[in-house]
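# Residue-level structure breakdown
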2 protein chains.
Amino acid sequence: MNAARDLPDAGAVRAAAARLRGKAVLTPLLSSPLLDAKLGCRLLVKAECLQRTGSFKFRGAYNALAQLGTEARRAGVVAYSSGNHAQGVAAAAQLLGIPAVIVMPSDAPAIKAANTRSYGAEVVLYDRYRESREALGARLAAERGATLIPPFDDARVIAGQGTIGLELAEQAAAAGETIDIALASCSGGGLITGCALALAEASPRTKIFAVEPEQLDDMRRSLLAGRRVSNDPAARSICDALLSPTPGELTFAIAERLLAGGIAVSDDEVRTAMRVAFESLKLVLEPGGAAALAAALANKLDLGGKTVAVIASGGNVDRASFAAALADQ
Amino acid sequence: MNAARDLPDAGAVRAAAARLRGKAVLTPLLSSPLLDAKLGCRLLVKAECLQRTGSFKFRGAYNALAQLGTEARRAGVVAYSSGNHAQGVAAAAQLLGIPAVIVMPSDAPAIKAANTRSYGAEVVLYDRYRESREALGARLAAERGATLIPPFDDARVIAGQGTIGLELAEQAAAAGETIDIALASCSGGGLITGCALALAEASPRTKIFAVEPEQLDDMRRSLLAGRRVSNDPAARSICDALLSPTPGELTFAIAERLLAGGIAVSDDEVRTAMRVAFESLKLVLEPGGAAALAAALANKLDLGGKTVAVIASGGNVDRASFAAALADQ
């Protein structure tokens, strides 16, 4: 039996929450009366950019690594990622005393490789035009007897990301709010499906939508088609964290059962959301981290009078890109 | 007896906390393992930029307004401020159903007047080179029988700001931390002295320092002189929230008793702190809101091995200024 390949459930999310207690930041649920007045709805923003490593990815990584046995911990873990998953795995491995190797493209931003190294991980660079990161990751894992930690299609990772949905339901209930609509960004689908597992149990009235960049809306189209479809490899977006070509097997199985649908947002809508987060919430969001907020602001759904929760999933954006988004009209 | 002119104590801060429960955001206490490693200390950041209205000022304003009697509420309140106190009073007044008039300079940034109006306040503009805002505020209050809400030298306002110190002590204790040093920005002194009242009781080992812009370090120099001294009217700083010319009477009386001293930071040190908050904390800080962090980053005190709490007091900065601070080297 391979626990990582079983479909996780709400119980797995609760177990992950117990593992993450005192390790992950209990990120605040923010609101802005001025934004509410402009939008004509009650907007709740789960500020996951304030998580360790600047994105939600720490949660899934820690939940996966914390379940490794003594021998597996000694042999270490391998992950491939140019961004948030890399930092999440590196930080979780450091906390647990597990050696970590992260496979990153040689042209990844220097700051991301530096951050990953600063958590004590070994960074192995590859040429993204000539080598396959999957093959390199698998080879490194095999050579070292190390465990490969997938970025999203893994029961432990999905359950870890789902703790955001659990916190969201608890924080909303504590504030006397009932969430009508929840919006979360979607790349491979670990975040949105983990949250859906938690919300289906803790807040069953909530309708949950996956938010993706235009042309990279494989989850939205897969849900409509009833099967996993892929994006055009030529499709581009400023949301560098949301470029996954197709939903995962596990994530799609959950998404089909629990999601109300998908929403696509344009780069301009994402930049507007980054500006609104700056002005009204005082949060730094990376493009992918602002996608769910963008869907709410751009009126993709009828939100009038409703309580709408958006997950602001990450804030790892470099200064120049952020300044450009602020300047854009 | 005039309650507003009595020296507040830790009990007044606790009473303010009870009034603010469910009204003010319980702002998170953040940390960054990477920053800790760089600084060689344990840094705790109280993210008060996430407060309603984008700064701590809401707390003092609400605590003052909530104590007005029925008749005083009906007659309304008057405040003068070009920035954060204006928005704090306007938002608190709206929540309590109290009419508010805010006296603002006619050349204040349009966004600040617009935000203040959006909380339902009446904005009265004055010519800052030809009229006295104090005289205008007093005349408006007298004409309407309204209550003037001072920006800092008021027992109710000081106690309200002090709830930040109370939360800080509670959050640090919950995380198993004991705060050695606390740093907060200081203009008139409402924030730093309110927090000092709370911390003196709840965390008596903590040494508390007021952080001010260079040349506008009237509190630092007043503490050294043993009497209230003023700044050179020609002194300038990018910290537009920290330009008060001299400590208040009440605030100085508390500061003399409870502060360990003052620290001055340069505009460059403040810009560096804004960049660090952006990169490592994912927070948008205005210059004055980054002053306390600047003092920690610039090694103004020996922080090695210590637990250091800084209050990130506000995030109301316009896009162009923020982009300029990010670009600065």
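The structure reproduced in this document is the subject of the present report. (Residues numbered from 1 in each chain as written. Chains lettered and ligands numbered in written order. Predicted model: local features only at pLDDT ≥ 70, side-chain atom pairs only at ≥ 80, totals over all residues. Heavy atoms only, no water.)

## Structural notes on the packing of aromatic side chains
- Per the stated rule, a full pass over the model turns up seven aromatic pairs over all chains.
- Ring pairs connect the aromatic residues Phe278 and Phe322 of chain A together with Phe278 and Phe322 of chain B, which therefore count as one cluster. (Phe/Tyr/Trp six-rings, centres within 6.5 Å; stacked < 30°, edge-to-face > 60°.)

## Brief notes about the relation of the copies chain B and chain A
- The transformation that overlays chain B on chain A combines an axial shift of 0.0 Å with a rotation of 180°, and the residual RMSD is 0.0 Å. What we have between these two chains is a two-fold relation.
- The fraction of interface residues of chain B whose copies in chain A are also interface residues reaches 100%, indicating that both copies meet through the same surface. (Least-squares fit on C-alpha atoms with pLDDT ≥ 70 in both. Contact = heavy atoms within 4.5 Å.)

## Section: the sheet that holds strand S1 (residues 29-30) of chain A
Residues and elements named next belong to chain A.
- The mixed open sheet is built from six strands, whose spatial order is S1-S2-S10-S7-S8-S9. One side of each edge strand has no neighbouring strand; the edge strands of this open sheet are S1 and strand S9 (261-265).
- Pairing analysis gives three bridges linking strand S7 (residues 181-185) to strand S10 (residues 307-312), with the strands arranged parallel. Across the sheet, isoleucine 181 pairs through a bridge with valine 308, a residue of S10. (Pairing = 2+ DSSP bridges. Helix = DSSP H or I, 4+ residues; strand = E, 2+ residues; numbered from the N terminus.)

## What about the interface of chain B and chain A?
- Of the residues lining the interface, 28 residues belong to chain B; the matching set on chain A comes to 28 residues.
- Here chain B meets chain A over a buried area of about 2,400 Å², counting both sides, of which 68% is carbon and sulfur.
- Of all residues in chain B, Leu34, Lys282 and Arg319 of chain B bury the most surface against chain A, accounting for 33% of the area lost on that side.
- Where chain B packs against chain A, one counts two salt bridges.
- For the salt bridge of arginine 319 of chain B with glutamate 279 of chain A, the shortest nitrogen-to-oxygen distance reads 3.1 Å.
- The interface formed by chain B and chain A includes ten residue pairs in polar contact (both at pLDDT 80 or more).
- Elements represented by at least two residues in the side of chain B that touches chain A include exactly helix H2 (33-39), helix H6 (110-118), helix H12 (267-281) and helix H14 (319-327) of chain B.
- Considering only residue class, the side of chain B that touches chain A consists of 15 nonpolar, six polar and seven charged. (Buried area = accessible area lost by both parts, 1.4 Å probe. Salt bridge = Lys/Arg side-chain N within 4 Å of Asp/Glu carboxyl O. Polar contact = N/O pair within 3.5 Å; in protein donor to acceptor, adjacent residues only side chain to side chain. Nonpolar A, V, L, I, M, F, W, Y, C, P; charged D, E, K, R; others polar.)

## A closer look at the environment of cysteine 41 of chain B
- As for its placement among the helices and strands, cysteine 41 of chain B is situated in the loop between H2 and strand S2 (42-47).
- Beyond its immediate chain neighbours, meaning those up to four positions away, cysteine 41 of chain B contacts Asp36, Leu303, Gly305, Lys306 and Val308 of chain B.

## Some thoughts on the packing of helix H1 (residues 10-20) of chain B against helix H9 (residues 190-202) of chain B
Residue and element names in this part refer to chain B.
- It is at 8 Å that the axes of H1 and H9 come closest, and there the two elements cross at 105°. When the axes of H1 and H9 are compared, the pair comes out roughly perpendicular. Across the interface between the two elements, Ala10, Val13 and Arg14 of H1 pack against Gly194, Leu197, Ala198 and Glu201 of H9.
- Grouping the amino acids of the contact of H1 with H9 by side-chain chemistry returns four nonpolar, one polar and two charged. (Axes fitted to C-alpha atoms, helices over the stretch in contact; angles between N-to-C directions. Parallel < 35°, antiparallel > 145°, perpendicular 65-115°, else oblique.)

## What to know about the sheet that holds strand S4 (residues 100-105) of chain A
Residues and elements named next belong to chain A.
- Reading across the sheet, the four strands line up as S5-S4-S3-S6 and stay open at both edges, with parallel pairing between neighbours. Where the open sheet ends on each side, the last strands, each with one partner, are strand S5 (122-126) and strand S6 (147-148).
- When strand S3 (residues 77-80) meets S4, the two strands line up parallel, connected through four bridges. Directly across from alanine 79, in S4, lies its bridge partner isoleucine 102.

## Remarks on the pattern of salt bridges
Residue and element names in this part refer to chain A.
- The full count for this structure, using the stated rule, is 32 salt bridges over all chains.
- For arginine 139, the salt bridge identified is with glutamate 143, shortest N-O distance 2.9 Å. Of this pair, arginine 139 and glutamate 143 both sit in helix H7 (residues 133-144), four residues apart, roughly one helical turn.
- By relative accessible area, which is 45% here, arginine 139 ends up partly exposed.
- Judged by its relative accessible area of 53%, glutamate 143 is exposed.
- The shortest N-O distance in the salt bridge between arginine 221 and aspartate 217 comes to 3.1 Å.
- Assessed through its relative accessible area of 6%, aspartate 217 is described here as buried.
- Overlapping salt bridges bring together Lys46, Glu48, Arg59 and Glu167 as one network. (Buried < 20%, exposed > 50% of the residue type's maximum accessible area, 1.4 Å probe, protein only.)

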